[in-house]
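Okay, here's what each chain looks like letter by letter:
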Amino acid sequence: MTSDALRVPSYLRDVYGWAYLTPSLARWLDRQVVVQTILWGNAQRLIGDVLAEVKPGDRVFQPAAVYGDFSRQVAAKVGTDGKLDVRDIAPLQVDLTRRKLADLPQAHVACGDAADPHAQQADVVACFFLLHEVPDDLKVRITRAMLAQVAPGGRAVFVDYHRPGRFHPLKPLMRRIFDWLEPFAQRMWQSEIRDIAGPAATGFRWRKRTRFGGLYQIVVAERA
Ligand SMILES: C[S@@+](CC[C@H](N)C(=O)[O-])C[C@H]1O[C@@H](n2cnc3c(N)ncnc32)[C@H](O)[C@@H]1O
């Protein structure tokens, strides 16, 4: 479903309302330096991992808005021969992203639920830190919807949290942050994204790499 009238789901209102639905705070958070800080200085490296999977001319689907200049960098990479299609379920995020991309004709932004099947196929589906912010049943639905959208020869790229190594110095702090602010994130420490996809994982070649002592993962599912 793609409509600016989509209902904002309760998990988003109750857990992340302050971050994504409050105009003054959202405008303040929507900066690359903030994203870089939240990701302990790894944002650009992780964006680079997504960009490495994108070619000029590609059709890229991004199921949710990302603060900072992630979408601008993806749009720049696909160029005017390509297309970047961004969706978000929150009208405020749709507005912010539209404004950020207004001068890039290859970018299109609309309201949509990442869990809903999407008719258009994409060469690259770029799911950047969305899964850890949604309830577990939605992780399954979103992962499946993302895979279903991948065109033959294309790929889905998931960048998200991952269980850090046993002695990672930030592990106790991240656990507390998850308990306090990110109640759906723990699952990313327990399950592989491939397993979350279930039977939908079949027919894809999967590869995974981790960064920053295992705190982050980049999982690529390439349609065989
Ligand atoms: C991509 S995630 C996290 C990104 C990361 N924290 C950042 O901005 O740097 C944040 C976005 O996901 C959106 N979102 C949450 N659930 C969604 C859903 N079911 N469909 C589409 N967008 C969704 C939120 O509205 C928010 O704009």
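Residues numbered from 1 in each chain as written. Predicted model: local features only at pLDDT ≥ 70, side-chain atom pairs only at ≥ 80, totals over all residues. Heavy atoms only, no water.

1. Points about the side chain of Arg 87
If you trace the backbone, Arg 87 turns up in strand β2 (residues 83-88). A distance of 3.0 Å separates the side chain of Arg 87 from the side chain of His 118, its partner in a polar contact. (Helix = DSSP H or I, 4+ residues; strand = E, 2+ residues; numbered from the N terminus. Polar contact = N/O pair within 3.5 Å; in protein donor to acceptor, adjacent residues only side chain to side chain.)

2. What to know about the site of the ligand
Lining the immediate surroundings of the ligand are 21 residues, of which Tyr 11, Tyr 67, Asp 88, Ala 114 and Phe 129 lie closest. Residue Ile 89 places a main-chain N or O atom 3.3 Å away from a nitrogen atom belonging to the ligand. Between the ligand and Glu 133 there is a distance of 3.4 Å, counted from a nitrogen atom to a side-chain nitrogen or oxygen. Alone, the ligand offers 600 Å² of accessible surface; in the complex the protein occludes 94% of this. The site holding the ligand turns out to be the largest pocket. Broken down by class, the residue content of the shell around the ligand amounts to 16 nonpolar, two polar and three charged. (Near = heavy atom within 4 Å. Areas by Shrake-Rupley, 256 points an atom, 1.4 Å probe, with all protein chains shown as cover. 1 Å grid on protein atoms, 1.4 Å probe; cavity = no way out; pocket = protein on both sides within 12 Å on 5 of 7 lines; lining within 4 Å. Sits in = over half its atoms within 2 Å of the grid points. Nonpolar A, V, L, I, M, F, W, Y, C, P; charged D, E, K, R; others polar.)

3. Brief notes about the pattern of salt bridges
Using the criterion set out here, one finds 15 salt bridges in the structure. For Asp 116, the salt bridge is made with Arg 141, and the minimal N-O distance between the two is 3.9 Å. Here the residue Asp 116 occupies a position in the loop between β3 (107-111) and β4 (122-128), and Arg 141 occupies one in helix α7 (residues 136-148), the gap between them amounting to 25 residues. Residue Arg 155 pairs with Glu 222 through a salt bridge whose shortest N-O separation is 3.5 Å. Here the residue Arg 155 occupies a position in strand β5 (residues 150-161), and Glu 222 occupies one in strand β7 (residues 216-223), the gap between them amounting to 67 residues. Across the pair, Glu 222 and Arg 155 agree in class, each one buried. The network of salt bridges with common partners includes Glu 53, Arg 155, Arg 207 and Glu 222. (Salt bridge = Lys/Arg side-chain N within 4 Å of Asp/Glu carboxyl O. Buried < 20%, exposed > 50% of the residue type's maximum accessible area, 1.4 Å probe, protein only.)

4. What about the state of the cysteines?
Under the counting rule described, the total for this entry stands at zero disulfides. Note on Cys 111: no disulfide assigned, nearest cysteine sulfur contributed by Cys 127 at a separation of 17 Å. Owing to a relative accessible area of 2%, Cys 127 belongs among the buried residues under this scheme. (Disulfide = S-S within 2.5 Å.)

5. Remarks on the pairing of β3
For β3, the tally of buried residues reaches four of five residues, placing the bulk of the element in the interior. Taken together, the five bridges between β2 and β3 define a ladder with parallel strand orientation. Note that in β3 the partner of Val 86 across the bridge is Val 109. (Pairing = 2+ DSSP bridges.)

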